[in-house]
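Read off the chains here:
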Amino acid sequence: MPAPVARTLDPRLPVLVGVGQLNIRVDRGEAPAEPTEMLARAARQAAADTGVADPGALLAGLDTVGVVDILSWRYRDPAALVAAALGADPDRRWATVAGGNYPQTLLSRAATDIAAGRADLVLIGGAEAWRTRTAARASSSDLGWTVQDEGAAPTDRFGDDTPLAAPDEIARGLFLPVALYPIFESALRAAAGRTQAEHQRVVSELWAAFSEVAAANPHAWIRDVRSAEEIRTVGSGNRMIGHPYPKVMNSNNSVEQSAALVLCSVERALDLGVPTDRWVFPWSGTDAHDTWWVGNRVSLHRSPAIGIAGTKALSLAGVGIDDLAHVDVYSCFPSAVQVAVDELGLGYDRPLTVTGGLSFAGGPWNNYVSHSIATMADTLRADAGAVGFVTANGGFLTKHAFGVYSTSPPSRGRFAHRDCQAEVDDVGSVPLVTDWEGAVRIEGATVMHDRDGAPEKAFIATRTPDRHRAWCTSTAEDVMSLITDDEPVGLAAHRAADGTLTL
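Residues numbered from 1 in each chain as written. Predicted model: local features only at pLDDT ≥ 70, side-chain atom pairs only at ≥ 80, totals over all residues. Heavy atoms only, no water.

## Some words on the sheet that holds strand S3 (residues 92-96)
The strands that make up a sheet are held in pairs by hydrogen bonds between backbone atoms, and each pair lies either parallel or antiparallel.
So, point 1. With mixed pairing, the 6 strands of this open sheet are ordered in space as S1-S8-S4-S2-S3-S5. Looking at strand neighbours, the two that pair on one side only are strand S1 (14-23) and strand S5 (156-158), the edges of this open sheet. Averaged over all pairs of adjacent strands, the angle between their axes in this sheet comes to 20°, without regard to strand direction.
So, point 2. In terms of strand pairing, strand S2 (residues 64-67) meets strand S4 (residues 121-129) through 4 bridges, oriented parallel. Residue pairing in the sheet places Thr64 in a bridge with Val122 of S4.
So, point 3. Sheet strands touched by helix H2 (residues 35-49): S1, S2, S4 and strand S8 (256-265). Its angle to S1, the strand with the most contacts, is close to 130°. (Pairing = 2+ DSSP bridges. Helix = DSSP H or I, 4+ residues; strand = E, 2+ residues; numbered from the N terminus. Axes fitted to C-alpha atoms, helices over the stretch in contact; angles between N-to-C directions. Contact = heavy atoms within 4.5 Å.)

## Quick notes on helix H8 (residues 177-192)
Since the α-helix packs 3.6 residues into each turn, any two residues three or four apart lie on the same face.
So, point 1. In this model, H8 (16 residues) spans 22 Å end to end at C-alpha, consistent with the 22 Å of a helix rising 1.5 Å per residue.
So, point 2. If you check which residues of H8 are buried, you get Ala179, Leu180, Tyr181, Pro182, Ile183, Phe184, Glu185, Ser186, Ala187, Leu188 and Arg189.
So, point 3. At the C-terminal side of H8, Gly193 shows a positive phi close to 75°. (Expected span 1.5 Å × (residues − 1). Buried < 20%, exposed > 50% of the residue type's maximum accessible area, 1.4 Å probe, protein only.)

## Some points on the pattern of salt bridges
So, point 1. Per the counting criterion, the structure on display carries 18 salt bridges.
So, point 2. For the salt bridge of Asp113 with Arg109, the shortest nitrogen-to-oxygen distance reads 3.1 Å. With Asp113 and Arg109 both in helix H5 (residues 102-116), this residue pair falls 4 residues apart, about one helical turn.
So, point 3. The class for Asp113 is buried, based on a relative accessible area of 0%.
So, point 4. In this structure, the salt-bridge partner of Arg268 is Asp120, at a minimum N-O distance of 3.0 Å. Of this pair, Arg268 sits in helix H11 (residues 266-272) while Asp120 sits in the loop between H5 and S4, and the two are 148 residues apart along the sequence.
So, point 5. For Asp120, a relative accessible area of 18% gives the class buried.
So, point 6. The network of salt bridges with common partners includes Arg12, Asp120, Glu267 and Arg268. (Salt bridge = Lys/Arg side-chain N within 4 Å of Asp/Glu carboxyl O.)

## Describing the environment of Val327
So, point 1. Within the secondary structure, Val327 is located in strand S10 (residues 326-328).
So, point 2. Distance from Val327 to Phe389, taken between C-alpha atoms, is 4.7 Å for residues 62 residues apart in sequence.
So, point 3. Beyond its immediate chain neighbours, meaning those up to four positions away, Val327 contacts Leu346, Arg350, Pro351, Leu352, Thr353, Val354, Met376 and Phe389.

## Here's the deal with the side chain of Thr96
So, point 1. Relative to the elements of secondary structure, Thr96 occurs in strand S3.
So, point 2. In this structure the side chain of Thr96 is engaged in a polar contact, spanning 2.9 Å, whose partner is the backbone nitrogen of Asp69.
So, point 3. Sequence-distant contacts of Thr96, that is, excluding residues within four places in its chain, are made with Val67, Val68, Asp69, Tyr102, Leu106, Arg157 and Phe158. (Polar contact = N/O pair within 3.5 Å; in protein donor to acceptor, adjacent residues only side chain to side chain.)

## Regarding helix H17 (residues 477-485)
So, point 1. Burial in H17 covers these residues: Val479, Met480, Leu482, Ile483 and Thr484.
So, point 2. Buried residues belonging to H17 abut helix H9 (196-215), strand S14 (438-449), strand S15 (455-463), strand S16 (469-474) and strand S18 (501-502).

## What about the environment of Leu86?
So, point 1. Along the chain, the position of Leu86 falls in helix H4 (residues 78-86).
So, point 2. Overall, Leu86 belongs to the buried group, its relative accessible area being 9%.
So, point 3. Between the C-alpha atom of Leu86 and that of Ala60, which follows or precedes it by 26 residues, the distance is 6.5 Å.
So, point 4. Residues within four places of Leu86 in sequence aside, it is in contact with Ala40, Ala43, Arg44, Leu59, Ala60, Leu62 and Leu123.

## Considering unusual backbone geometry
So, point 1. Omega for the bond connecting His243 with Pro244 falls within 30 degrees of zero, at 10°, which places this linkage in the cis form.
So, point 2. Residue placement: Pro244 occurs in the loop between strand S6 (240-242) and strand S7 (245-246).
So, point 3. We note that Ser140 has phi near 55°; this positive angle belongs to a residue other than glycine.
So, point 4. With respect to the secondary-structure elements, Ser140 resides in the loop between helix H6 (130-139) and S5.
So, point 5. Ser140 gets classed as exposed once you look at its relative accessible area, which sits at 67%.

## Side note on the packing of H5 against helix H15 (residues 368-381)
So, point 1. Between H5 and H15, whose axes approach to 7 Å, the crossing angle comes to 60°. Relative to H15, the element H5 is oriented oblique. From H5, Pro103, Gln104 and Leu107 reach across to H15, where they touch Val369, Ser370 and Ile373.
So, point 2. For the contact of H5 with H15, a count of residues per class yields 4 nonpolar, 2 polar and no charged. (Parallel < 35°, antiparallel > 145°, perpendicular 65-115°, else oblique. Nonpolar A, V, L, I, M, F, W, Y, C, P; charged D, E, K, R; others polar.)

See the structure below:
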């Protein structure tokens, strides 16, 4: 975009001007760093990426720093540490609760505030040093990372910290993604009418395509191309975790990664001298959540929030599915991708990721979408005028955020954001019962395996005769064999009052 054209735009129009991504390969001997230092390093990369003459001065002028929730170390106010490392003194320091949706949510908030004049130069990002933290816990080592004073606190904290598992789900041990996403997968398979073998081939081919994208992504943690057969074959390096997902089909959080994004107003970008070929415009953003508890979902293979909020993001931007040249669908597990594709009508005849996804590019807990937005920005810069779409997911297909981007200014002249929760709530929910004893019908199931690959425990979603949902468990060999080798969905069974399922 020529600078004279840029000067005709709304001066308050938000624009993404710099992105930075950092991998610290501690697995290859690189020295570790604590998460806030990692983010400061990624921020310096993002500032340099803007192309301005003095990146340090840009960072010193930040008025807002937002940090996505960090799991590998608990900081009271991580944005303050990042800002201090960058020589900045922002008026606003943002933090979030846990959720992979929050990078996009923060970006939408920053864009809204820039448009309204409440902010002008914003840094957003996150970091995880999970390998280092895990190794330190195993060896009882003191990392010497920063501990802030008790009075330290962000100026704003974003997100709803409602528990994502019902008391009954917690009591049964059903509160981890590695158990719940495989249950969604079984429901998807049954809805598609596929056998287990047929579906595993389809899913492994999907994941192989993600692997190919990661191999071409210089920021991906794993850049080895994996064939579909490798991905679906269980072995010593690919043990079964939660049926039907062997290890390679799970998000890879054993990474040391950071990503940072710099946004500002068009007016500030021109004043800073950011070349217009670095500009990427957020066109729209939306947020919504499905029922907090999986047990209350109307269906285990659908997501009303994805369908409603994702479609709204596109309509606010004035585009449709066929207008999207590039997409990055949140991909913690294959079921997350399939649900989003089905809800949005994306189809499988196109690349569904620009990074390679959380299994291969890396799954740094809540911060993956900072990486996907950064990669999308680079992708769009190389394809000027094209439109990109990013989806974000937190919890168990629970919290969702969406963003539309392009190097062209928004077709409607402004950034638009919408909270779609009221529409999602209208879809309703189903009751979760805890003490039902009697006939049930299986709706979805998984078998969790121990570290040696032996089946350990089955989790089963069932419906009572009045269509209420009831969770069940079993360690019986016949039940676990049914789930792993046959077709459990739709079968009648019996639930004891304590939740034990028998055939």
